[in-house]
Amino acid sequence: MDVVTIGETMVLFTPQSQGQMRYATNFNRKFAGAETNVAIGLAKLGHKAGWISRVGNDEFGKAMVSFVKGEGVDVSQVQYDREAPTGLFFKEIRTMQQFRIQYYRNGSAASRMSKEDINENYLKQAKILYISGITPALSESCYEMIVYAAKLAKKHGLTVVFDPNVRRNLWSEEKARKVLLELVSYSDIVLPSVEEGEFLFGTKEPEEIGSEVLKRGASMAVIKVGSRGAWYVTKDKQELVPTVQVSEVKDPVGAGDGFCAGFLSGLLDGLSVRESVARGNLVGSIVVQVDGDVEGLPDREELGLYTSAAED
Ligand code: CKP
Ligand code: MG
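As a starting point, this report considers the structure included with it.

### Points about the packing of helix H9 (residues 255-268) against helix H10 (residues 273-287)
Here is step 1 of the chain: One can describe the packing of H9 onto H10 by two numbers: an axis separation of 7 Å at closest approach and a directional angle of 145°. Considering how the two elements wind past one another, H9 and H10 form a crossing that is right-handed. Here Ala255, Gly258, Phe259, Gly262, Phe263, Ser265, Gly266 and Leu267 of H9 lie close against H10, whose contacting residues are Val273, Ser276, Val277, Arg279, Gly280, Asn281, Val283, Gly284 and Val287.
Here is step 2 of the chain: Partitioning the contact of H9 with H10 into residue classes produces 8 nonpolar, 8 polar and 1 charged.

Here is the structure:
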């Protein structure tokens, strides 16, 4: 396994009409969750990715596991929970620029994950553990599990990659800041957006966000600065890697996960940090041009086409 991820994936409903969702009667049904968005992105690019989770023992849970498996991700560590349902969320499209997320995930099967869901032998054979700040917000047992998994990964020499993915509607600001900073201190690579960096460290300057991350023990921070691209900060070097401009953003949700998949794919291929960040930027820019969080993730062939177009 190249990358193992742990987290909740939900059924995603998107109204077929724009505007207030109360008037929507027809919805598209998809699946999304930061951790599977990343795992699917990596699998589509030919890497070996696995997903640890719990889903309800219900029709949605079964469809979701088939979907994620069909995208090439190992689902051998996904448990079916007989007592709790698969979580749902809705992406309300106000205007093409404005999206609102509504979760129905309280008490979901995934929120009942705990340390017992982590199989040490499975985890230790991977190169990278990817975690996000969403999982510890789901419940106390999820928080404990993520801390346990991060420590276990460190013990076995995996690279711990952490995307803070701040979700203010899941927990209080104080709790979020405290727990996310704790997780930064267990991580090797931290991938915040500039807004998340500001939330954690009180500064909008990518250089300062990067130095705060490094101070806490990580070896690299990559700060996503929206349509400007991403800044990477290591002990020896820091620079902005600009992204390609897109003519139309159809759906910005999932851009950060696309970035992460592209960036990790570059590192796994042995590219330089700069080249890996550029691949992350490119994948993020492709994702936002397609409706859905994973539907735009490119495969190798598509990535090649886009890469040569970006170089022209
Ligand atoms: O930060 P991103 O827009 O890349 O993340 C989007 C994902 O996991 C989305 O798929 C959703 O299911 C979630 O973040 C979440 O729980 O908010
Ligand atoms: Mg994000």
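### Structural notes on the packing of aromatic side chains
Here is step 1 of the chain: On inspection of all chains with the given rule, the structure shows 8 aromatic pairs.
Here is step 2 of the chain: An angle of 25° between the planes, with centres 5.3 Å apart, marks the rings of Phe13 and Phe90 as stacked. Residue Phe13 is located in strand E2 (residues 10-15), and its partner Phe90 is located in strand E6 (residues 88-93); the two are separated by 77 residues in the primary sequence.
Here is step 3 of the chain: Here Phe90 falls in the buried class, since its relative accessible area comes to 15%.
Here is step 4 of the chain: Taking 6.1 Å as the distance between ring centres and 45° as the angle between the ring planes, the aromatic pair formed by Phe89 and Tyr103 counts as tilted. Highlighted residues: Phe89 in strand E6 and Tyr103 in strand E7 (residues 99-104), separated in sequence by 14 residues.

### Section: the side chain of Asp163
Here is step 1 of the chain: Inspection of the secondary structure assignment puts Asp163 in strand E9 (residues 159-163).
Here is step 2 of the chain: Among the residues examined, Asp163 registers a relative accessible area of 0% and is labelled buried.
Here is step 3 of the chain: When near neighbours in sequence (up to four residues on either side) are disregarded, Asp163 contacts Tyr130, Ile131, Ser132, Gly133, Leu191, Glu196, Lys224 and Asp257.

Rules used throughout
- Residues numbered from 1 in each chain as written.
- Chains lettered and ligands numbered in written order.
- Predicted model: local features only at pLDDT ≥ 70, side-chain atom pairs only at ≥ 80, totals over all residues.
- Heavy atoms only, no water.
- Axes fitted to C-alpha atoms, helices over the stretch in contact; angles between N-to-C directions.
- Helix = DSSP H or I, 4+ residues; strand = E, 2+ residues; numbered from the N terminus.
- Left-handed = near helix turned anticlockwise from the far one by under 90°.
- Contact = heavy atoms within 4.5 Å.
- Nonpolar A, V, L, I, M, F, W, Y, C, P; charged D, E, K, R; others polar.
- Phe/Tyr/Trp six-rings, centres within 6.5 Å; stacked < 30°, edge-to-face > 60°.
- Buried < 20%, exposed > 50% of the residue type's maximum accessible area, 1.4 Å probe, protein only.

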